[in-house]
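A look at the structure
Next come the chains, spelled out residue by residue.
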Amino acid sequence: MNGDYSSDMDSDDAGVGIIDEEVVCPQEFLPTFEAIEGPILTKVNQVEYNSKPDSLFFDDGVRSIDFILVYDDEAKKVSERMDVIVRRKTRREYFEASLMKMGLELEATSSVLNDNLIFVKVHVPWEVQCIYAEVLHIKVPIEIDNNPPRPSVWNCFHCITKYFKPDEDLIKKETDYFTAPFQKNRRDCFYIGDKDHFFTPSMKSRMAYYILCRAPYELSERVKKFGITKLLSGGVYKAAYPLHDCRFNVKSREESCPNERFLLFKEWAHPKNFYKIQPLDLIRRYYGEKIGIYFAWLGFYTFMLALAAVVGLSCFIYGYRTQETNTWSKEVCDPEIGGKLVMCPQCDLCHYWMLNSTCDTSKTLTIFDNFGSLVFAVFMSIWVTVFLEFWKRYQAELEYEWDTVEFLEQGEPPRPEYEAKCIYERTNPVTGVKETVPYTACGRCLRLSIGIGTVLFWIMLILVSIVAIIVYRLAVFLSLSIKLKDAGNLKNLEPIKEYVTPQMATSVTAGIISFVVIMILNMLYERVAIWITDYELPRTRTDYENSLTLKMFLFQFVNYYSSCFYIAFVKGKIVGYPGKSVYLLGKYRNEECDPGGCLIELTTQLAIIMGGKAIWNNIQEVLLPWVKNLISRYCNRSTSQKGELPRWEQDFHLQPNIKLGLFYEYLEMVIQFGFVTLFVASFPLAPVLALINNLFEIRIDAWKITTQFRRIVPEKAQDIGAWQPILQGIAILAVATNAMIIAFTSDMIPRLVYYWSFSLHEGYSDHTMKGYINSSLAYFNTSDFSGTALNPPIERLSNVTICRYRDFRFPPGHPREYEYNMHYWHVIAAKMAFIIVVEHIVYLTKFILNYVIPDVPYTIKERIKREKYLTQVLLHETNLKLVTKRLKPVMDGFSTHMEAKKDNEIEMSEY
């Protein structure tokens, strides 16, 4: 973009839409690589600090500060090599001269605390704003929308809902406008009042950052070097950020300051507002649409979780109240039933054990393994569909209100990193114009292949870690089964002695180790995924984030959920029977589930991972930034006589924003969404824990970005991007996983089969659960242990001739001894029938809901059509004015000519 903005822009040619070719580059999305003419570069004017700490303007008090650059003064550096200092200074001066040539205005000020630091204030003038508003397709008002929106049903409850809304006296409702993409040559069509406030500060910061990312700092014959990102990584600048408008807890003393940061903290980020609706319009205005859409999604997800949490808590209470009256649990604890059932050893070095030793575990299991869990699983399968459908409607409303409806259709500019690598020519398949790209078709295939191969390698690494944890579980269970049988080994655990069983101890320790492994692999893979995505070189920012999102989620999905899938669908399924056990690696006997099933272990695993993840994330998001800022404030205490630090220096001492900070916030919530939906049949309290976590998460994220971090560079976003199809995929998978958990992990189907069928064959006159425990345990003759891999030092009771184990097989002495009996095949048929019926019913319901609930509300469709119509009318009227203005000289000349001709004819006739 050429930096010579002459007074010709106000001439008649500009008024009729004729644009000077020197002002607007034909390839307006590409950076400027033209060399700066002249041997002497334009220097940045340096001024003294004017002792106005709340000022957001240059020293003249007129030009606003739209961005800040910070660097160390090379003249005062003595610790670095001279050639490094000279190279950095040369690049910085060339970069700043390029910025001024591109139309930006710069002013430098020394630091109050550190004389080595220089702050460069960046201002985007009005003419440059107009040019880049058109380049970035920024929508601005064309006419006030006088059509009042339809009244909401919530207005009937205004007397209640007003307490859950932000203070309307502080955060006033914004005026509704019809908007259109800004066009410089039609600026008279737009609702321009004050030029200084027509574009919001976030819009101007976005324009400034766009230019900063494309301004050159070094040019040679073959290499194009440009962009503030490279200069930051190379140490030329220490920081680059837009300014907060005031301190978060004190209003600015400048009358013109909107104090939006103060309002956000008071009405949004403060913990006391945890129950209030978020001021989304103000969030979007201050931080941009991308941040706004994230908090809108998080708030909507949390709101919808409230209903799921109520139902889940009700199911938990139902299970808790029925645990003492549960028939099969009472049989386990009954000394006359469970106390007389001798169970077979669960490992080769284990002893026989009595069934009633698992009494407490069976009571706990009844809380989660009951009919309420079945109802809740079906409810959650429908809930997730309703959530996604209504989110799409709400998102459509936000797209219209925030002017992002046609954001992707208008064309997103390429990333500077992509532009810098463009060396190969090709013909654009859409426009037919010659363009440059960074790789050939073969090069792109190679990059993608390397990326896919790397992701698969890391997924295999996770699977290896899972096998290692399984081996750990088998080895520890074997050891604990021996040690915990000796009462002397538990004398130090007297308060919890009765709860410490080999199964529970193994599950808890394995869950903790699994969580630690998950977090370590996460930290390693994050770096690898970012490197792969950088290597693939996606064209736009959206493409980059979508590619990274897919890689990270695939890895995180396997990393977080693999242990849960193992417990739910693998553990205890391939164990054989006592006389013929199945061994892993030929050494370790496969794990068996408790007599009540593996559901309680799955619940334990989910609780450990969800709870541990929430605690770890809060430490990372809250504690670390707060401690770093506390140390920074202590080390940079102001001892200067100049008074309070200026606004730009206060922001410099805040924490820098992480490049993909918002991506990690989405990832955290989507992983939580998976826990809430995929395994909810085993843990009805998951929505409750997620709701509590999210109520804090919203305020923690708000507090963090408002008080602890520099202001985020505003970005445009139409929706939540690649996370939408990921959520839909999880919703579809959740139906299958919950149906399979109920069928294969819990004991609900075997109990139903017994209740409705086999209880009558056991001699009972009516359907009952009595005798279920005895029916679900097969018989084994202990003499059949001979010849199996038993450790000789383990001496078992010789008077035990029959032991029981969890399975449906023929008893010893039967012609088909130890083979599956008819009860087993009835249960398998019932499980398969249950999965098929439940899946078809739920999927049909999801399809109907998807069809019935439109993605875009009817009123929004009408308003979008109205806005397009008004835009077309205004453009048509503008074109008519342009044609009229251009034809006016011709028509005036023609009229003059006709009048002169007529006068001549009159004179000739008189003559």
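Residues numbered from 1 in each chain as written. Predicted model: local features only at pLDDT ≥ 70, side-chain atom pairs only at ≥ 80, totals over all residues. Heavy atoms only, no water.

**Comments concerning the overall build of the protein**
Check the secondary structure of the protein and you find 26 helices and 19 strands. Expressed as a percentage of its 911 residues, the buried residues of the protein come to 50%. If you sum the accessible surface of the protein, you get close to 45100 Å²; carbon and sulfur atoms cover 60% of it. (Helix = DSSP H or I, 4+ residues; strand = E, 2+ residues; numbered from the N terminus. Buried < 20%, exposed > 50% of the residue type's maximum accessible area, 1.4 Å probe, protein only. Areas by Shrake-Rupley, 256 points an atom, 1.4 Å probe, with all protein chains shown as cover.)

**With respect to the packing of helix H22 (residues 723-745) against helix H25 (residues 822-852)**
Here H22 crosses H25 at 155°, and the two axes come no closer than 9 Å. Considering the angle they form, H22 stands roughly antiparallel to H25. Crossing angle aside, the handedness with which H22 passes H25 is right-handed. Each of Ala 731, Ile 732, Val 735, Ala 736, Ala 739, Met 740, Ile 742, Ala 743 and Phe 744 in H22 lies in contact with H25, whose residues at this interface are Lys 831, Met 832, Phe 834, Ile 835, Val 838, Glu 839, Val 842, Tyr 843 and Lys 846. The residue makeup of the contact of H22 with H25, split by class, is 15 nonpolar, no polar and 3 charged. (Axes fitted to C-alpha atoms, helices over the stretch in contact; angles between N-to-C directions. Parallel < 35°, antiparallel > 145°, perpendicular 65-115°, else oblique. Left-handed = near helix turned anticlockwise from the far one by under 90°. Contact = heavy atoms within 4.5 Å. Nonpolar A, V, L, I, M, F, W, Y, C, P; charged D, E, K, R; others polar.)

**Comments concerning the packing of aromatic side chains**
Tallied over the entire structure, the rule returns 57 aromatic pairs. Taken together, a centroid distance of 6.0 Å and an interplanar angle of 85° make the contact between Tyr 71 and Tyr 237 edge-to-face. Remark: Tyr 237 occurs in the loop between helix H7 (228-233) and strand S9 (239-241) and Tyr 71 occurs in strand S2 (residues 67-72); sequence separation between them is 166 residues. Like Tyr 237, Tyr 71 is buried. In this structure, Arg 809 is placed above the aromatic ring of Tyr 820, and the distance from its NZ or CZ to the ring centre is 4.2 Å. (Phe/Tyr/Trp six-rings, centres within 6.5 Å; stacked < 30°, edge-to-face > 60°. Lys NZ or Arg CZ within 6 Å of the ring centre and 35° of its normal.)

**Here's the deal with helix H12 (residues 359-368)**
Where burial is concerned, most of H12 is hidden: 7 out of the 10 residues are buried. Burial in H12 covers these residues: Cys 359, Thr 361, Ser 362, Leu 365, Thr 366, Ile 367 and Phe 368. Buried positions along H12 lie against helix H10 (289-322), helix H11 (327-333), helix H13 (371-401) and helix H18 (599-635).

**Comments concerning helix H9 (residues 280-287)**
Of all 8 residues in H9, 6 are buried, a share of seventy percent or more. For H9, the elements touching its buried residues are helix H6 (201-212), helix H8 (260-269), H10, H13 and helix H21 (686-708). Downstream of H9 by one or two residues, Gly 288 has phi in the positive range, about 100°.

**Things to note about the pairing of S2**
Counting buried residues in S2 gives 6 out of 6 residues, a clear majority hidden from the surface. Across the two faces of S2 the burial is the same, with Phe 67, Leu 69 and Tyr 71 and Ile 68, Val 70 and Asp 72 all buried. Pairing of S2 with strand S4 (residues 117-123) involves 6 bridges; the strand directions are antiparallel. Residue pairing in the sheet places Tyr 71 in a bridge with Ile 118 of S4. (Pairing = 2+ DSSP bridges.)

**Section: the side chain of Lys 571**
Checked against the element boundaries, Lys 571 lands in the loop between helix H17 (541-569) and strand S14 (576-577). We classify Lys 571 as buried; its relative accessible area is 4%. Discounting residues that sit within four places of it in the chain, Lys 571 has contacts with Arg 473, Tyr 566, Glu 591, Glu 592, Cys 593, Cys 598 and Glu 601.

**Some remarks on the environment of Gln 129**
The topology assignment puts Gln 129 in helix H3 (residues 126-135). Accessibility expressed as a relative area gives 4% for Gln 129, which makes it buried. Measuring from C-alpha to C-alpha, the distance between Gln 129 and Met 207 comes to 7.1 Å, with 78 residues separating the pair along the chain. In this structure Gln 129 touches Val 124, Lys 195, Phe 199, Lys 204 and Met 207, once residues within four positions along its chain are discounted.

**Some thoughts on the pattern of salt bridges**
Summed over the entire model, instances satisfying the criterion amount to 30 salt bridges. Two residues, Glu 644 and Arg 247, come together in a salt bridge whose shortest N-O distance is 3.4 Å. Here the residue Glu 644 occupies a position in the loop between H18 and helix H19 (647-652), and Arg 247 occupies one in the loop between S9 and H8, the gap between them amounting to 397 residues. Given a relative accessible area of 26%, Arg 247 falls into the partly exposed group. For Glu 545, the salt bridge goes to Lys 290, with nearest N and O atoms at 2.2 Å. You can see Glu 545 sitting in helix H17 and its partner Lys 290 sitting in helix H10, a full 255 residues away along the chain. Residue Glu 545 shares its accessibility class with Lys 290, and that shared class is buried. (Salt bridge = Lys/Arg side-chain N within 4 Å of Asp/Glu carboxyl O.)

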